[in-house]
Amino acid sequence: MDTADDRTERFERIASTEADVLGDLADDVLASDPSFTVLQEPNPQLLMQRVREPVEHRPFNLGEVVVTPAEVEVNGGRGFAMYPGKAERAALSGAIVDAAVDAGHPVTGRIREELAAAAERRRSDRNHEWAESQYTAVDFETMEDDL
Amino acid sequence: MGYVAVKAGEELIERAEELFEKQRLEGETDPVSVDQLDEQLGRLSAQAMSEGGLYAPRLAALAVKQAQGDTVEASFLLRAYRSTLERWDETTVVDPAEMVTTRRVSPAYKDIPGGQILGPTKDYTQRLLDFDLDGEDDPEDPTQEWDIGGEEPPDTLDNVMDVLRDQGLVHEPDGPTDDDPADITRDPVTYPAGRDAVLQALARGETGAVTALGYSALRGYGQVHPTLAEVRVGRLPVKIEHPYTGVEATVTSVEVSESEAVVPVYAKRDDPQFAFGYGLTFGRNERKVIAMTILDASIQLDTEDEPAENPEFVLNTVDGLDSFGFIEHLKLPHYVTFQSILDRIRAIRENESVGAGTADESSRDADEQLAEASDD
């Protein structure tokens, strides 16, 4: 049974998986000729990024972020994806992948493996970037004694 | 002043546009790809995103290419594109402490929670032209020999303002509010402007304008000379409520620059605490975000004594598209309005009998004079 946390984690993993990986997975799902309905066309839309400024703790609108959402139904399972940027194919592929898992499609096992692998790649990249920055961590010394 | 439409011919406008496009292509090198701009000239696309108020790195790189490197023109293209899109929703409110930081320095304190990280910067090196970059062939990654691990970044980094707040040196806010903030992309700014509107307007302000006005306060045309509590660069998560589960989910992240400052105006207050300023904007743009911090602090003084302290003056002049449009419209045809001005001046001169000896010459039609000149 798909829990809310499973679904949310899958959503996040789809949003950060490479577009060509999602495309391949979606092609595999559609190759079995399932029932397929597009509920929301993949068109670029805007998210207004809200931030709580840390001085007075009040939210403000920083600016908008372009994302592409899509929603589909595959074999009775529903899928929703949102991909960063103007990315119609990736968003539609992501929604198909999400719906396929929801419907228990035979490709589900491979989808889970590919999404987990992509998440690991992303985690590794992020950790490496953090490690690079940490390599420049500095401990400034005041030189008042030398003056 | 009224405006009168003119027409010239669509074909001529197309020819002018084709000449503009030719300037990009007439060199002997291959066209610059959008990927190259995105990867190698990220500061340009970051500036276009910041001033356009729209985060979309690849589209920003495309806009920079189309604008031939003119960042304000590129931000214009981004805002025009943005106007064609629907808004899906607002994100959930994110705390800047959640930023995955790649650079963080504190000019105020030597030792800060989480430490200082120089990150990718050339701040501490000499500005000398590197002639090796001209004609470089197969360059090597200078960090490839680094012996580094891969530990997880912390979930949050406490900010320096909290250190001061813990000591009672900065005003303690009433508590988090979740009121919907003003959105100047939908409702025009009215005065007095709320701090939410001020921060949004400054975040999308034109870099040069924000920097110049911030600088004016430092140069003595204002009271604010802050100490920066910290400057950060990193990635902020973009989160929504998942439409099926209602659980908060991360869609992506956006690169931002952030700055916090304290301002010693304690001598003028009953309660001797620091005033403060805050800046946050899309992309890597430390110059702009520090200037934004100065302007936020200056605007809170809300005086008409100095330009930087006058919220209406600042917010009416920092937007790149507003100033770009108004300044550049002056080069468009103003024939009818100018003719009207000429007529008025001639009438005044005639009534006052000024320059009687040249009256005939001055009243001749300007077109007639131009025609004569072209015959020469």
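Presented here is an overview of the structure given in this document. The residue numbers shown here count from 1 along each chain, following its written sequence. All chains are assigned letters beginning with A, and all ligands numbers beginning with 1, in the order in which they are written. Local features in this predicted model are restricted to residues of pLDDT 70 or higher, and side-chain atom pairs are both shown and tallied only at a pLDDT of 80 or more, whereas totals for entire chains, interfaces and linings draw on every residue. Side-chain descriptors were evaluated using all non-hydrogen atoms of the structure, hydrogens and water having been removed beforehand.

**Quick word on the interface of chain B and chain A**
Here is step 1: Every residue pair with non-hydrogen atoms within 4.5 Å of one another is taken to be in contact. Chain B puts 79 residues into the contact, and the matching count from chain A is 57 residues.
Here is step 2: Summed over both partners, the accessible area lost on bringing two parts together, with a 1.4 Å probe, is the buried area. Taking both partners together, chain B and chain A bury about 6500 Å²; carbon and sulfur atoms supply 63% of that area.
Here is step 3: Taken as a group, W88(B), Y244(B) and V251(B) account for 10% of the area that chain B buries against chain A, more than any other trio of residues on that side.
Here is step 4: We define a salt bridge as a contact between a side-chain nitrogen of Lys or Arg and a carboxyl oxygen of Asp or Glu at a distance within 4 Å. Summed over the shared surface of chain B and chain A, the result is seven salt bridges.
Here is step 5: Between R195(B) and E53(A) there is a salt bridge, with its nearest N and O atoms 2.8 Å apart.
Here is step 6: With nine residues, strand β6 (residues 248-263) of chain B is the largest single contributor of residues to the side of chain B that touches chain A.
Here is step 7: For two strands to be treated as a pair, DSSP must find at least two bridges joining them. The secondary structure listing takes helices from DSSP runs of H or I that are at least 4 residues long and strands from runs of E that are at least 2 residues long, numbered from the N terminus. The pairing of strand β3 (residues 59-74) of chain A with strand β1 (residues 54-55) of chain B spans two bridges and is parallel. Opposite V65(A), over in β1(B), you have Y55(B) as the bridge partner.

**Describing the packing of aromatic side chains**
Note on aromatic pairs: each is described by the distance of the centres and the angle between the planes.
Residue and element names in this part refer to chain A.
Here is step 1: For Phe, Tyr and Trp, where Trp contributes only its six-membered ring, two rings pair if their centres lie within 6.5 Å, and the inter-plane angle classes them as stacked under 30 degrees, edge-to-face over 60, or tilted in between. Evaluated as defined, the whole model comprises six aromatic pairs over all chains.
Here is step 2: Ring geometry for F11 against F80: centres 5.9 Å apart, planes inclined by 5°, an arrangement best described as stacked. Residue F11 is located in helix α1 (residues 4-15), and its partner F80 is located in strand β4 (residues 77-84); the two are separated by 69 residues in the primary sequence.
Here is step 3: Partly exposed residues are those whose accessible area sits between 20% and 50% of the maximum for their type, while under 20% is buried and over 50% is exposed, using a 1.4 Å probe and protein chains only. Residue F80 is classed as buried on the basis of its relative accessible area, which comes to 2%.

**Details of the packing of helix α3 (residues 42-52) of chain B against helix α4 (residues 57-66) of chain B**
Any two packed helices are characterised by how steeply their axes cross, that is the angle between the axes, and by the distance between the axes.
All names here are of chain B.
Here is step 1: Lines fitted to C-alpha atoms define the axes, with helix axes restricted to the stretch in contact, and inter-axis angles between N-to-C directions lie between 0 and 180 degrees. Interhelical geometry of α3 versus α4 gives an angle of 105° and a closest axis separation of 8 Å. What the angle tells us is that α3 and α4 run roughly perpendicular. Mapping the contact onto sequence places L44, S45, A48 and M49 in α3 and P57, A60, A61 and V64 in α4.
Here is step 2: Among the residues forming the contact of α3 with α4, the class breakdown is seven nonpolar, one polar and no charged. Any angle that falls under 35 degrees is termed roughly parallel, while one over 145 is termed roughly antiparallel, one within 65 to 115 roughly perpendicular, and all others oblique. In the scheme used here, Gly and all other residues not listed as nonpolar or charged are polar, with Ala, Val, Leu, Ile, Met, Phe, Trp, Tyr, Cys and Pro taken as nonpolar and Asp, Glu, Lys and Arg as charged.

**Remarks on the pairing of strand β7 (residues 275-282) of chain B**
Here is step 1: In terms of residue burial, β7(B) counts as a mostly covered element, since eight of its eight residues are buried.
Here is step 2: Judged by which residues are buried, β7(B) turns out to be covered on both faces: A275(B), G277(B), G279(B) and T281(B) on one side and F276(B), Y278(B), L280(B) and F282(B) on the other are all buried.

**Some details on the pattern of salt bridges**
Here is step 1: Within the structure shown, the criterion is met by 38 salt bridges over all chains.
Here is step 2: The shortest N-O distance in the salt bridge between R15(B) and E11(B) comes to 3.0 Å. Of this pair, R15(B) and E11(B) both sit in helix α1 (residues 10-25), four residues apart, roughly one helical turn.
Here is step 3: Judged by relative accessible area, E11(B) falls into the exposed class, the value being 51%.
Here is step 4: With a shortest N-O distance of 3.6 Å, K239(B) and E248(B) are connected by a salt bridge.
Here is step 5: The structure contains a network of salt bridges with shared partners spanning E64(A), R82(B), R87(B), E90(B) and D183(B).

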